[in-house]
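Chain by chain, the residues:
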Amino acid sequence: MNLFYAIVGEDVPDSLGKRLAARPDHLARLNLLKEEGRLLLAGPFPAIDSPDPGPAGFSGSLIVAAFDSLEAARIWADADPYVAAGVYARVSVKPFKKVLP
């Protein structure tokens, strides 16, 4: 049974260069979740109050997707290209209950 899980990655300082380098592989994994009908939402947190933060970059990311278990979500999150590239200082994975809309 697929349940939703929230994956929150918190960036290391000055992560923009690492993010840009790993972004194509990161997006490919997200697009696969989307194609499988498992992605609820995904996106970065701009480091400043702007939809396009430019060189300020991002402070982290949020992914909400369906997985078979918390363990499966953690395994998926640990294999993210942003983890391998050193973009994230830490990643948390928590069960998520969609209520609205």
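About the cut-offs
Sequence order sets the numbering: in each chain, residues are counted from 1 along the sequence as written. The predicted nature of this model means local features are confined to residues of pLDDT at least 70 and side-chain atom pairs, given and counted, to a pLDDT of 80 or more, with totals for whole chains, interfaces and linings taken over all residues. Calculation of side-chain values draws on the structure's entire complement of heavy atoms; hydrogens and water are dropped beforehand. Only the six-membered ring of Trp is used, alongside the rings of Phe and Tyr, when aromatic pairs are assigned; centres must lie within 6.5 Å, and planes under 30 degrees apart are stacked while those over 60 apart are edge-to-face, with the rest tilted. Here's how the labels work: a residue is buried when its accessible area is under 20% of the maximum for its type, exposed when over 50%, partly exposed in between, all with a 1.4 Å probe on protein chains only.

K.L.:
Before we go on, may I ask you to explain the packing of aromatic side chains in this structure?
P.N.:
Both the distance between ring centres and the angle between the ring planes are used here to describe each pair of aromatic rings. Counting across every chain of the model gives two aromatic pairs. Between F67 and W76, the ring centres sit 5.7 Å apart and the planes meet at 50°, which makes this aromatic pair tilted. Residue F67 shares its accessibility class with W76, and that shared class is buried. When the centroid spacing of 5.7 Å and the interplanar angle of 80° are considered together, the rings of Y82 and Y88 count as edge-to-face. With respect to class, Y82 is no different from Y88; both count as buried.

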